[in-house]
Amino acid sequence: MLPILRTTIDPEAIVYTDAAGVSDALGLLGLHHTQVGHSDRFAPGPEHMNGMENFWNQARRHLRKYNGVPRHHLHLYLKECEWRFNYGSPRQLLAILAQWVRQDL
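Parameters and conventions
- Residues numbered from 1 in each chain as written.
- Predicted model: local features only at pLDDT ≥ 70, side-chain atom pairs only at ≥ 80, totals over all residues.
- Heavy atoms only, no water.
- Helix = DSSP H or I, 4+ residues; strand = E, 2+ residues; numbered from the N terminus.
- Buried < 20%, exposed > 50% of the residue type's maximum accessible area, 1.4 Å probe, protein only.
- Contact = heavy atoms within 4.5 Å.
- Areas by Shrake-Rupley, 256 points an atom, 1.4 Å probe, with all protein chains shown as cover.
- Expected span 1.5 Å × (residues − 1).
- Salt bridge = Lys/Arg side-chain N within 4 Å of Asp/Glu carboxyl O.
- Phe/Tyr/Trp six-rings, centres within 6.5 Å; stacked < 30°, edge-to-face > 60°.

1. Side note on the overall build of the protein
Then, in step 1: When helices and strands are counted, the protein shows five helices and two strands.
Then, in step 2: Along the protein, helices and strands appear, N-terminal first, in the series α-β-α-β-α-α-α.
Then, in step 3: Classification of the 105 residues of the protein by burial places 19% in the buried group.
Then, in step 4: Summarising the internal contacts of the protein: among those between residues at least 6 apart in sequence, 18% fall at separations of at least 24.
Then, in step 5: Carbon and sulfur atoms make up 57% of the accessible area of the protein, which totals about 8400 Å².

See below:
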């Protein structure tokens, strides 16, 4: 796992992890990381996993309807999930798309 982490994580990044064993590997690579315990019921400060867990729950729920996606296109499906997550309700998404189309004309 160390070679994968070494090539995919920016050395300047701050990595937030839960209490899993991957944190030890990040320390071996000299990366700056912060462990966030899942035993905390609420987000006591800026260091929590709630936003990421919320995104992944929504992404899994959205992608489930496809019954699997091609591996080589997964990044595109995740970008769609990111867009849906960041821009809100379907009504808001449609309004944004309409605005973008009008700008391109």
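Read on, since the account is not over.
2. Brief notes about helix H4 (residues 74-87)
Three or four residues apart is the spacing at which side chains of an α-helix point the same way, because the helix has 3.6 residues per turn.
Then, in step 1: The end-to-end C-alpha separation of H4 is 20 Å, in line with the 20 Å expected for 14 residues at 1.5 Å each.
Then, in step 2: Looking one or two places after H4, you find Gly-88, whose phi comes out positive at around 95°.

3. Let's talk about the pattern of salt bridges
Then, in step 1: Per the stated rule, a full pass over the model turns up two salt bridges.
Then, in step 2: Between Glu-80 and Arg-84 there is a salt bridge whose closest N-O contact spans 2.9 Å. Here Glu-80 and its partner Arg-84 are both found in helix H4, four residues apart, which amounts to about one turn of the helix.
Then, in step 3: On the basis of relative accessible area, Glu-80 is assigned to the partly exposed category, the value being 24%.

4. Comments concerning the packing of aromatic side chains
Then, in step 1: Per the stated rule, a full pass over the model turns up six aromatic pairs.
Then, in step 2: When the centroid spacing of 6.0 Å and the interplanar angle of 40° are considered together, the rings of Trp-83 and Trp-100 count as tilted. Of the two residues, Trp-83 is situated in helix H4 and Trp-100 in helix H5 (residues 90-104); the sequence distance between them amounts to 17 residues.
Then, in step 3: Seen in terms of ring centroids, Tyr-87 and Trp-100 are 6.3 Å apart; in terms of plane orientation they differ by 85°. Their pairing is edge-to-face. Taken as a pair, Tyr-87 in helix H4 and Trp-100 in helix H5 lie far apart in primary sequence, 13 residues in all.

5. Looking at the side chain of His-62
Then, in step 1: Considering the arrangement of structural elements, one finds His-62 in helix H3 (residues 50-64).
Then, in step 2: Beyond its immediate stretch of four places on either side in the chain, His-62 contacts Glu-80, Cys-81 and Arg-84.

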